[in-house]
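Next come the chains, spelled out residue by residue.
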Amino acid sequence: MYEPLLTRTRQIADAFLDTLDDRPVRPASTFAALTTALGGPLPEDPAEPTLVIEQLAAAMQPGLLPSAGPRYFGFVTGGSTPAAIAADWLVSAWDQNAALHVMSPAVAAVEEVTAGWLLDMLALPSTASVGFVTGATMANATALAAARHEVLRRAGWDVEADGLQGAPRITVVAGAEAHSSIGQALRLVGLGASTIVPVAADNQGRMRPDSLREVLAGVSLPAIVCAQAGNVNTGACDPFPEVGRLVRNHGAWLHVDGAFGLWAAASPTLRDLVRGVDSADSWAVDCHKWLNVPYDSGLAIVAHPAAHRASMSQTAGYLIRAHGEERDGMDWTPEASRRARAVPIYAVLRSLGRRGLALLIERCCQGAARMAARLATEPGVQVMNEVALNQVLLRFQSSSGRNVTSAVIAQVQNDGVCWAGGTRWRGEPAMRVSVSSWRTTPEDIDRSAAAIVHAFRMTSEVSA
Ligand SMILES: *Cc1c(COP(=O)(O)O)cnc(C)c1O
(Lines give C-alpha, C1' and ligand atoms only; values in the text may rest on other atoms or scores of the structure.)
Protein backbone atom coordinates (compact mmCIF):
# COMPACT_ATOMS: atom_id res chain seq x y z
CA MET A 1 0.00 0.00 0.00
CA TYR A 2 3.03 2.29 0.25
CA GLU A 3 3.81 1.86 -3.43
CA PRO A 4 4.15 4.02 -5.46
CA LEU A 5 4.14 6.70 -2.75
CA LEU A 6 7.51 5.90 -1.20
CA THR A 7 9.14 5.23 -4.56
CA ARG A 8 7.99 8.62 -5.82
CA THR A 9 9.16 10.23 -2.56
CA ARG A 10 12.58 8.63 -2.93
CA GLN A 11 12.82 9.98 -6.49
CA ILE A 12 12.06 13.48 -5.26
CA ALA A 13 14.62 13.16 -2.47
CA ASP A 14 17.23 11.74 -4.86
CA ALA A 15 16.68 14.55 -7.34
CA PHE A 16 17.11 17.13 -4.59
CA LEU A 17 20.24 15.49 -3.19
CA ASP A 18 21.70 15.39 -6.71
CA THR A 19 21.46 19.18 -6.93
CA LEU A 20 23.35 19.84 -3.69
CA ASP A 21 26.76 20.13 -5.33
CA ASP A 22 25.69 22.66 -7.94
CA ARG A 23 22.57 24.57 -7.04
CA PRO A 24 23.09 28.22 -6.09
CA VAL A 25 23.57 28.54 -2.34
CA ARG A 26 20.70 30.98 -1.86
CA PRO A 27 16.92 30.70 -1.78
CA ALA A 28 15.10 31.16 -5.10
CA SER A 29 11.87 32.39 -3.54
CA THR A 30 10.47 34.60 -0.83
CA PHE A 31 8.47 33.90 2.31
CA ALA A 32 5.44 35.64 0.78
CA ALA A 33 5.59 33.63 -2.46
CA LEU A 34 6.15 30.38 -0.55
CA THR A 35 3.25 30.88 1.83
CA THR A 36 1.04 31.70 -1.15
CA ALA A 37 2.16 28.57 -3.01
CA LEU A 38 1.59 26.40 0.08
CA GLY A 39 -1.35 28.21 1.58
CA GLY A 40 -5.04 28.91 1.21
CA PRO A 41 -7.69 27.39 3.45
CA LEU A 42 -7.31 23.70 4.32
CA PRO A 43 -9.45 21.83 1.75
CA GLU A 44 -12.49 19.91 3.00
CA ASP A 45 -11.73 16.71 1.14
CA PRO A 46 -8.90 14.20 1.42
CA ALA A 47 -6.17 14.16 -1.22
CA GLU A 48 -4.14 11.29 -2.60
CA PRO A 49 -0.80 11.09 -0.65
CA THR A 50 1.43 10.84 -3.73
CA LEU A 51 -0.17 13.98 -5.10
CA VAL A 52 0.20 15.72 -1.72
CA ILE A 53 3.91 14.90 -1.63
CA GLU A 54 4.47 16.04 -5.22
CA GLN A 55 2.67 19.33 -4.64
CA LEU A 56 4.34 19.89 -1.28
CA ALA A 57 7.78 19.33 -2.77
CA ALA A 58 7.06 21.53 -5.78
CA ALA A 59 5.84 24.35 -3.55
CA MET A 60 8.77 24.10 -1.11
CA GLN A 61 11.72 23.42 -3.43
CA PRO A 62 12.21 27.08 -4.46
CA GLY A 63 12.60 28.04 -0.82
CA LEU A 64 14.99 25.27 0.14
CA LEU A 65 18.60 26.14 0.85
CA PRO A 66 21.29 23.62 -0.02
CA SER A 67 22.54 23.89 3.55
CA ALA A 68 23.41 20.19 3.40
CA GLY A 69 25.63 20.95 0.39
CA PRO A 70 29.41 21.39 0.28
CA ARG A 71 29.63 25.19 0.17
CA TYR A 72 27.26 26.18 2.94
CA PHE A 73 29.42 27.67 5.68
CA GLY A 74 26.69 29.38 7.68
CA PHE A 75 26.25 28.91 11.44
CA VAL A 76 27.71 25.46 12.19
CA THR A 77 25.92 23.26 9.70
CA GLY A 78 26.70 19.75 8.56
CA GLY A 79 24.94 17.82 5.80
CA SER A 80 23.48 14.42 6.56
CA THR A 81 25.61 11.51 5.41
CA PRO A 82 23.95 8.88 3.15
CA ALA A 83 23.80 6.31 5.97
CA ALA A 84 22.28 8.86 8.32
CA ILE A 85 19.54 9.85 5.86
CA ALA A 86 18.67 6.22 5.13
CA ALA A 87 18.54 5.36 8.83
CA ASP A 88 16.39 8.41 9.50
CA TRP A 89 13.89 7.20 6.89
CA LEU A 90 13.69 3.89 8.71
CA VAL A 91 13.07 5.72 11.96
CA SER A 92 9.96 7.24 10.39
CA ALA A 93 8.83 3.97 8.82
CA TRP A 94 9.35 2.01 12.05
CA ASP A 95 7.70 4.76 14.12
CA GLN A 96 8.97 3.50 17.45
CA ASN A 97 8.61 5.43 20.67
CA ALA A 98 12.00 5.79 22.33
CA ALA A 99 10.53 6.59 25.76
CA LEU A 100 10.53 3.15 27.33
CA HIS A 101 12.14 -0.23 26.79
CA VAL A 102 8.72 -1.86 26.77
CA MET A 103 7.73 0.32 23.79
CA SER A 104 10.71 -0.75 21.69
CA PRO A 105 13.41 -3.11 22.92
CA ALA A 106 15.28 -2.48 19.67
CA VAL A 107 15.47 1.28 20.20
CA ALA A 108 16.46 0.82 23.85
CA ALA A 109 19.29 -1.43 22.69
CA VAL A 110 20.46 0.89 19.91
CA GLU A 111 20.51 3.79 22.40
CA GLU A 112 22.59 1.74 24.83
CA VAL A 113 25.14 0.68 22.21
CA THR A 114 25.29 4.12 20.56
CA ALA A 115 25.77 5.83 23.93
CA GLY A 116 28.77 3.59 24.58
CA TRP A 117 30.28 4.32 21.18
CA LEU A 118 29.75 8.06 21.64
CA LEU A 119 31.43 8.15 25.05
CA ASP A 120 34.32 6.24 23.55
CA MET A 121 34.65 8.57 20.53
CA LEU A 122 34.32 11.71 22.66
CA ALA A 123 36.83 10.30 25.18
CA LEU A 124 34.39 10.83 28.08
CA PRO A 125 33.99 8.55 31.13
CA SER A 126 32.41 5.24 30.11
CA THR A 127 30.19 5.39 33.21
CA ALA A 128 28.52 8.68 32.17
CA SER A 129 24.82 8.70 31.25
CA VAL A 130 23.63 9.89 27.84
CA GLY A 131 20.28 11.46 26.97
CA PHE A 132 19.32 11.69 23.29
CA VAL A 133 17.76 15.15 23.08
CA THR A 134 16.83 17.58 20.30
CA GLY A 135 20.01 19.66 20.18
CA ALA A 136 22.65 21.41 22.23
CA THR A 137 20.24 23.98 23.67
CA MET A 138 18.16 21.21 25.23
CA ALA A 139 21.33 19.30 26.10
CA ASN A 140 22.55 22.35 28.05
CA ALA A 141 19.18 22.61 29.80
CA THR A 142 19.14 18.90 30.66
CA ALA A 143 22.71 18.90 31.95
CA LEU A 144 22.12 22.06 33.97
CA ALA A 145 19.00 20.48 35.50
CA ALA A 146 21.19 17.56 36.59
CA ALA A 147 23.75 20.06 37.93
CA ARG A 148 21.04 21.95 39.80
CA HIS A 149 19.85 18.70 41.36
CA GLU A 150 23.29 17.64 42.51
CA VAL A 151 24.62 20.93 43.89
CA LEU A 152 21.40 21.42 45.86
CA ARG A 153 21.36 17.81 47.06
CA ARG A 154 24.84 18.38 48.46
CA ALA A 155 23.43 21.48 50.19
CA GLY A 156 20.66 19.37 51.72
CA TRP A 157 17.87 20.54 49.40
CA ASP A 158 15.56 18.39 47.21
CA VAL A 159 14.89 20.63 44.21
CA GLU A 160 12.69 18.10 42.42
CA ALA A 161 10.33 18.00 45.39
CA ASP A 162 10.55 21.54 46.68
CA GLY A 163 11.56 23.64 43.68
CA LEU A 164 13.80 26.68 43.88
CA GLN A 165 11.70 28.87 46.13
CA GLY A 166 13.48 29.00 49.46
CA ALA A 167 16.39 26.92 48.17
CA PRO A 168 20.03 27.80 48.87
CA ARG A 169 21.11 30.27 46.22
CA ILE A 170 23.14 28.74 43.37
CA THR A 171 25.86 30.88 41.83
CA VAL A 172 26.37 30.30 38.11
CA VAL A 173 29.72 31.26 36.62
CA ALA A 174 30.28 31.27 32.86
CA GLY A 175 32.80 32.50 30.34
CA ALA A 176 32.09 35.95 28.94
CA GLU A 177 31.90 34.26 25.53
CA ALA A 178 29.46 31.52 26.53
CA HIS A 179 26.94 30.62 23.83
CA SER A 180 23.53 32.28 24.11
CA SER A 181 21.91 28.90 24.72
CA ILE A 182 23.57 28.74 28.15
CA GLY A 183 21.49 31.77 29.12
CA GLN A 184 18.41 30.14 27.62
CA ALA A 185 19.09 26.90 29.50
CA LEU A 186 19.59 28.77 32.78
CA ARG A 187 16.26 30.53 32.25
CA LEU A 188 14.56 27.17 31.71
CA VAL A 189 15.96 25.65 34.89
CA GLY A 190 14.93 28.69 36.91
CA LEU A 191 18.40 30.10 37.57
CA GLY A 192 18.04 33.12 35.31
CA ALA A 193 20.39 34.42 32.66
CA SER A 194 21.32 37.81 34.04
CA THR A 195 22.67 36.46 37.33
CA ILE A 196 25.62 34.77 35.56
CA VAL A 197 28.96 35.80 37.04
CA PRO A 198 31.18 36.30 33.97
CA VAL A 199 34.76 35.13 33.56
CA ALA A 200 36.91 37.31 31.30
CA ALA A 201 37.83 35.86 27.92
CA ASP A 202 41.07 36.12 25.98
CA ASN A 203 41.25 37.41 22.39
CA GLN A 204 40.03 34.04 21.04
CA GLY A 205 37.04 33.90 23.39
CA ARG A 206 38.64 31.38 25.79
CA MET A 207 37.98 31.61 29.51
CA ARG A 208 41.00 33.11 31.26
CA PRO A 209 42.15 30.90 34.15
CA ASP A 210 43.45 33.89 36.14
CA SER A 211 40.04 35.52 35.88
CA LEU A 212 38.30 32.26 36.82
CA ARG A 213 40.53 31.96 39.88
CA GLU A 214 39.63 35.50 40.94
CA VAL A 215 35.92 34.96 40.34
CA LEU A 216 35.82 31.67 42.24
CA ALA A 217 37.53 33.26 45.22
CA GLY A 218 34.36 35.28 45.74
CA VAL A 219 31.90 32.45 45.07
CA SER A 220 30.43 30.19 47.73
CA LEU A 221 28.75 26.86 47.15
CA PRO A 222 26.44 25.71 45.72
CA ALA A 223 27.93 26.79 42.40
CA ILE A 224 27.94 25.74 38.75
CA VAL A 225 30.62 26.76 36.25
CA CYS A 226 29.84 26.69 32.50
CA ALA A 227 32.82 26.27 30.18
CA GLN A 228 32.92 25.79 26.43
CA ALA A 229 34.53 23.60 23.79
CA GLY A 230 34.21 25.46 20.50
CA ASN A 231 33.49 29.18 20.56
CA VAL A 232 30.79 29.77 17.98
CA ASN A 233 32.88 32.46 16.27
CA THR A 234 36.51 31.40 16.65
CA GLY A 235 36.18 27.67 17.41
CA ALA A 236 38.47 28.17 20.43
CA CYS A 237 38.18 25.80 23.39
CA ASP A 238 38.55 26.80 27.04
CA PRO A 239 41.79 25.64 28.75
CA PHE A 240 40.23 22.59 30.42
CA PRO A 241 43.21 21.33 32.42
CA GLU A 242 43.37 24.61 34.38
CA VAL A 243 39.61 25.23 34.39
CA GLY A 244 38.93 21.67 35.56
CA ARG A 245 41.48 21.88 38.36
CA LEU A 246 40.16 25.23 39.64
CA VAL A 247 36.52 24.16 39.58
CA ARG A 248 37.24 20.79 41.19
CA ASN A 249 39.27 22.37 43.98
CA HIS A 250 36.44 24.79 44.60
CA GLY A 251 33.88 22.00 44.81
CA ALA A 252 31.61 23.40 42.10
CA TRP A 253 29.96 21.53 39.21
CA LEU A 254 31.65 21.97 35.84
CA HIS A 255 29.43 21.90 32.76
CA VAL A 256 30.89 22.07 29.25
CA ASP A 257 28.96 23.28 26.22
CA GLY A 258 30.77 21.32 23.52
CA ALA A 259 28.09 21.55 20.85
CA PHE A 260 30.60 21.15 18.05
CA GLY A 261 34.04 21.58 19.61
CA LEU A 262 33.90 18.38 21.62
CA TRP A 263 34.16 16.39 18.39
CA ALA A 264 37.84 17.35 18.29
CA ALA A 265 38.23 14.49 20.77
CA ALA A 266 37.42 12.01 17.99
CA SER A 267 40.63 12.86 16.13
CA PRO A 268 44.07 11.83 17.40
CA THR A 269 45.60 14.93 15.81
CA LEU A 270 43.03 17.41 17.23
CA ARG A 271 42.35 15.79 20.61
CA ASP A 272 44.80 18.05 22.36
CA LEU A 273 42.47 21.03 21.81
CA VAL A 274 40.04 19.54 24.37
CA ARG A 275 42.56 17.87 26.66
CA GLY A 276 41.22 17.66 30.20
CA VAL A 277 37.57 18.10 29.18
CA ASP A 278 36.78 14.61 30.46
CA SER A 279 37.15 15.83 34.05
CA ALA A 280 33.93 17.88 33.82
CA ASP A 281 30.64 16.84 35.42
CA SER A 282 28.43 17.27 32.36
CA TRP A 283 28.61 17.99 28.65
CA ALA A 284 26.30 19.16 25.86
CA VAL A 285 27.04 17.94 22.34
CA ASP A 286 25.30 18.30 19.00
CA CYS A 287 25.08 15.49 16.49
CA HIS A 288 23.19 17.44 13.82
CA LYS A 289 26.10 19.82 13.39
CA TRP A 290 29.44 18.10 13.00
CA LEU A 291 28.40 14.45 13.16
CA ASN A 292 26.32 15.12 10.04
CA VAL A 293 23.05 13.46 11.05
CA PRO A 294 19.62 14.99 10.28
CA TYR A 295 17.97 17.44 12.68
CA ASP A 296 17.11 17.18 15.51
CA SER A 297 19.87 15.47 17.43
CA GLY A 298 21.88 16.38 20.50
CA LEU A 299 23.36 14.65 23.55
CA ALA A 300 23.11 15.49 27.24
CA ILE A 301 25.95 13.64 28.95
CA VAL A 302 26.35 13.54 32.72
CA ALA A 303 29.16 12.02 34.78
CA HIS A 304 26.74 11.43 37.66
CA PRO A 305 23.96 9.20 36.32
CA ALA A 306 21.97 9.33 39.58
CA ALA A 307 21.75 13.14 39.34
CA HIS A 308 20.85 12.94 35.66
CA ARG A 309 18.08 10.44 36.28
CA ALA A 310 16.74 12.24 39.36
CA SER A 311 16.38 15.47 37.41
CA MET A 312 14.64 13.92 34.39
CA SER A 313 12.70 10.79 35.25
CA GLN A 314 8.99 10.73 35.87
CA THR A 315 6.82 7.98 37.27
CA ALA A 316 3.19 7.02 36.80
CA GLY A 317 1.30 3.79 37.18
CA TYR A 318 1.00 3.30 33.43
CA LEU A 319 4.68 3.96 32.67
CA ILE A 320 5.81 0.37 32.84
CA ARG A 321 9.47 0.28 33.79
CA ALA A 322 12.15 -2.13 32.71
CA HIS A 323 12.89 -4.68 35.44
CA GLY A 324 16.54 -5.40 34.82
CA GLU A 325 19.43 -3.69 33.09
CA GLU A 326 17.27 -2.53 30.19
CA ARG A 327 17.35 1.13 29.28
CA ASP A 328 14.34 3.43 29.55
CA GLY A 329 15.37 6.35 27.32
CA MET A 330 13.02 8.85 28.97
CA ASP A 331 14.98 8.68 32.23
CA TRP A 332 17.63 10.87 30.60
CA THR A 333 15.61 13.42 28.61
CA PRO A 334 13.07 16.15 29.30
CA GLU A 335 10.62 14.50 26.90
CA ALA A 336 8.72 11.26 27.32
CA SER A 337 7.54 10.23 23.83
CA ARG A 338 10.44 10.71 21.51
CA ARG A 339 11.80 9.88 18.08
CA ALA A 340 14.48 7.15 17.88
CA ARG A 341 17.28 9.68 17.40
CA ALA A 342 19.99 7.19 18.23
CA VAL A 343 19.33 5.18 15.05
CA PRO A 344 20.87 7.65 12.55
CA ILE A 345 23.71 8.30 15.00
CA TYR A 346 24.38 4.56 15.12
CA ALA A 347 24.33 4.41 11.31
CA VAL A 348 26.71 7.31 10.82
CA LEU A 349 29.17 6.00 13.41
CA ARG A 350 29.06 2.47 12.01
CA SER A 351 29.44 3.63 8.41
CA LEU A 352 32.38 5.91 9.21
CA GLY A 353 34.13 3.77 11.78
CA ARG A 354 36.68 5.34 14.11
CA ARG A 355 38.97 6.24 11.27
CA GLY A 356 36.23 7.74 9.11
CA LEU A 357 34.94 9.88 11.97
CA ALA A 358 38.43 11.20 12.69
CA LEU A 359 38.83 11.97 8.97
CA LEU A 360 35.49 13.79 8.80
CA ILE A 361 36.56 16.07 11.64
CA GLU A 362 40.10 16.54 10.34
CA ARG A 363 39.03 17.28 6.75
CA CYS A 364 36.75 20.07 7.96
CA CYS A 365 39.57 21.60 9.97
CA GLN A 366 41.92 21.30 7.01
CA GLY A 367 39.24 22.98 4.90
CA ALA A 368 39.04 25.87 7.35
CA ALA A 369 42.84 26.24 7.35
CA ARG A 370 42.88 26.15 3.56
CA MET A 371 40.15 28.81 3.38
CA ALA A 372 42.08 31.04 5.79
CA ALA A 373 45.31 30.60 3.86
CA ARG A 374 43.65 31.42 0.50
CA LEU A 375 41.93 34.53 1.83
CA ALA A 376 44.91 35.81 3.82
CA THR A 377 46.84 36.45 0.60
CA GLU A 378 44.29 39.06 -0.52
CA PRO A 379 45.25 42.61 0.62
CA GLY A 380 42.51 44.00 2.86
CA VAL A 381 41.35 40.60 4.11
CA GLN A 382 42.22 39.83 7.72
CA VAL A 383 41.82 36.42 9.37
CA MET A 384 40.81 37.41 12.89
CA ASN A 385 41.11 34.06 14.69
CA GLU A 386 43.65 31.34 15.26
CA VAL A 387 42.26 28.73 12.89
CA ALA A 388 42.74 25.64 15.04
CA LEU A 389 39.33 24.04 14.50
CA ASN A 390 36.72 24.42 11.76
CA GLN A 391 35.89 28.13 12.11
CA VAL A 392 37.33 31.09 10.19
CA LEU A 393 36.55 34.64 11.25
CA LEU A 394 37.20 37.35 8.66
CA ARG A 395 37.35 41.11 8.43
CA PHE A 396 37.34 42.99 5.14
CA GLN A 397 38.80 46.45 4.80
CA SER A 398 38.59 48.69 1.74
CA SER A 399 41.69 50.49 0.43
CA SER A 400 40.40 53.63 2.15
CA GLY A 401 40.45 51.76 5.46
CA ARG A 402 36.70 51.21 5.94
CA ASN A 403 35.34 47.96 7.37
CA VAL A 404 33.23 46.69 4.46
CA THR A 405 32.57 43.23 5.95
CA SER A 406 28.78 43.55 6.03
CA ALA A 407 28.65 44.54 2.36
CA VAL A 408 30.95 41.65 1.42
CA ILE A 409 28.70 39.18 3.28
CA ALA A 410 25.63 40.49 1.43
CA GLN A 411 27.47 40.20 -1.91
CA VAL A 412 28.66 36.65 -1.18
CA GLN A 413 25.14 35.56 -0.23
CA ASN A 414 23.74 37.18 -3.36
CA ASP A 415 26.34 35.59 -5.66
CA GLY A 416 25.28 32.16 -4.39
CA VAL A 417 28.54 30.26 -4.95
CA CYS A 418 28.79 29.72 -1.21
CA TRP A 419 27.02 30.98 1.89
CA ALA A 420 28.68 32.59 4.89
CA GLY A 421 27.01 34.55 7.64
CA GLY A 422 27.94 37.50 9.77
CA THR A 423 28.62 38.09 13.42
CA ARG A 424 30.12 40.72 15.66
CA TRP A 425 33.55 40.02 17.07
CA ARG A 426 35.18 42.38 19.55
CA GLY A 427 32.76 45.12 18.62
CA GLU A 428 33.15 44.87 14.85
CA PRO A 429 31.26 43.14 12.04
CA ALA A 430 32.96 39.91 10.95
CA MET A 431 32.27 37.12 8.48
CA ARG A 432 31.97 33.61 9.90
CA VAL A 433 32.96 30.60 7.85
CA SER A 434 32.22 27.25 9.44
CA VAL A 435 33.39 24.11 7.65
CA SER A 436 31.30 21.26 9.05
CA SER A 437 30.07 19.10 6.18
CA TRP A 438 31.31 15.69 5.04
CA ARG A 439 30.69 16.91 1.47
CA THR A 440 33.14 19.81 1.44
CA THR A 441 36.20 19.12 -0.73
CA PRO A 442 39.38 21.20 -1.16
CA GLU A 443 37.95 22.25 -4.55
CA ASP A 444 34.83 23.59 -2.82
CA ILE A 445 37.07 25.58 -0.49
CA ASP A 446 39.03 27.03 -3.41
CA ARG A 447 35.89 27.90 -5.36
CA SER A 448 34.38 29.53 -2.29
CA ALA A 449 37.55 31.45 -1.40
CA ALA A 450 37.63 32.78 -4.98
CA ALA A 451 33.96 33.79 -4.70
CA ILE A 452 34.60 35.61 -1.43
CA VAL A 453 37.59 37.45 -2.91
CA HIS A 454 35.49 38.34 -5.96
CA ALA A 455 32.72 39.72 -3.75
CA PHE A 456 35.27 41.71 -1.76
CA ARG A 457 36.77 43.25 -4.91
CA MET A 458 33.30 44.14 -6.24
CA THR A 459 32.41 45.74 -2.91
CA SER A 460 35.72 47.61 -2.73
CA GLU A 461 35.23 49.02 -6.25
CA VAL A 462 31.77 50.31 -5.36
CA SER A 463 32.97 51.85 -2.13
CA ALA A 464 36.23 53.29 -3.54
C1 LIG B 1 24.88 25.52 18.03
C2 LIG B 1 25.33 25.70 19.41
C3 LIG B 1 24.42 25.60 20.47
C4 LIG B 1 22.95 25.41 20.25
O5 LIG B 1 22.72 24.18 19.65
P6 LIG B 1 21.33 23.79 18.99
O7 LIG B 1 21.58 22.42 18.52
O8 LIG B 1 21.11 24.78 17.90
O9 LIG B 1 20.29 23.87 20.05
C10 LIG B 1 24.91 25.71 21.75
N11 LIG B 1 26.22 25.92 21.98
C12 LIG B 1 27.12 26.05 20.99
C13 LIG B 1 28.54 26.30 21.31
C14 LIG B 1 26.70 25.92 19.67
O15 LIG B 1 27.58 26.04 18.67
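So, here's what we can say about the structure.

Basis of the calculations
- Residues numbered from 1 in each chain as written.
- Predicted model: local features only at pLDDT ≥ 70, side-chain atom pairs only at ≥ 80, totals over all residues.
- Heavy atoms only, no water.
- Pairing = 2+ DSSP bridges.
- Helix = DSSP H or I, 4+ residues; strand = E, 2+ residues; numbered from the N terminus.
- Axes fitted to C-alpha atoms, helices over the stretch in contact; angles between N-to-C directions.
- Contact = heavy atoms within 4.5 Å.
- Expected span 1.5 Å × (residues − 1).
- Near = heavy atom within 4 Å.
- Polar contact = N/O pair within 3.5 Å; in protein donor to acceptor, adjacent residues only side chain to side chain.
- Areas by Shrake-Rupley, 256 points an atom, 1.4 Å probe, with all protein chains shown as cover.
- Nonpolar A, V, L, I, M, F, W, Y, C, P; charged D, E, K, R; others polar.
- Parallel < 35°, antiparallel > 145°, perpendicular 65-115°, else oblique.
- Left-handed = near helix turned anticlockwise from the far one by under 90°.

Examining the sheet that holds strand β5 (residues 253-257)
Here comes step 1: Read from one edge to the other, the open sheet built from 7 strands follows the order β1-β7-β6-β5-β4-β2-β3, with strand pairing classed as mixed. The open sheet has two edge strands, β1 (129-133) and β3 (197-199), and neither has a second partner. Sheet twist, expressed as the average angle between the axes of neighbouring strands with direction ignored, equals 20°.
Here comes step 2: Of the strand pairs in this sheet, strand β2 (residues 171-175) and β3 are connected by 3 bridges, and their pairing is parallel. By the bridge assignment for β3, A174 is matched with P198.
Here comes step 3: Relative to the sheet, helix α6 (residues 136-154) contacts β1, β4 (223-228), β5, β6 (282-286) and β7 (298-302), its axis offset from that of β5 by approximately 180°.
Here comes step 4: Along the sheet, helix α9 (residues 209-217) contacts β2, β3 and β4; its crossing angle with β3, the most-contacted strand, is approximately 155°.

Overview of helix α3 (residues 49-60)
Because each turn of an α-helix spans 3.6 residues, side chains separated by three or four positions in sequence point in the same direction.
Here comes step 1: Counted at 1.5 Å a residue, the expected span for α3 with its 12 residues is 16 Å, and the 16 Å between its end C-alpha atoms agrees.
Here comes step 2: Looking at the packing, one finds that the buried side of α3 touches α1 (5-19) and α2 (31-38).

Details of the site of the ligand
Here comes step 1: Contacts to the ligand come from 13 residues, most closely from T137, D257, D286, H288 and K289.
Here comes step 2: Between the ligand and the protein, one listed contact pairs a nitrogen atom with a side-chain N or O atom of H179 at 3.4 Å.
Here comes step 3: At 2.6 Å from a nitrogen atom of the ligand is found a side-chain nitrogen or oxygen belonging to D257.
Here comes step 4: Alone, the ligand offers 380 Å² of accessible surface; in the complex the protein occludes 84% of this.
Here comes step 5: Here the shell around the ligand is composed, by residue class, of 4 nonpolar, 6 polar and 3 charged.

A word on the packing of α1 against α3
Here comes step 1: Viewed as axis vectors pointing N to C, α1 and α3 meet at an angle of 15°, and their least axial separation amounts to 9 Å. Here α3 runs roughly parallel to α1, going by the angle between their axes. In this structure, α1 meets α3 at a crossing whose hand is right-handed. The segment α1 lies against α3, with L5, R8, T9 and I12 engaging P49, T50, I53, E54 and A57.
Here comes step 2: In the contact of α1 with α3, the residues fall into 5 nonpolar, 2 polar and 2 charged.

Notes on the sheet that holds strand β9 (residues 391-396)
Here comes step 1: The sheet built from 4 strands is open, its strands ordered β8-β9-β11-β10 with antiparallel pairing. Here the strands that pair on one side only, and so sit at the sheet edges, are β8 (381-383) and β10 (421-425). Adjacent strand axes in the sheet meet at a mean angle of 40°, parallel and antiparallel pairs treated alike.
Here comes step 2: Both β8 and β9 contribute to a ladder of 3 bridges, which runs antiparallel. For V383, the partnering residue across the bridge sits in β9 and is L394.
Here comes step 3: Across the sheet, helix α12 (residues 342-376) lies against β8, β9 and β11 (428-434), angled at about 15° from β9, the strand it touches most.

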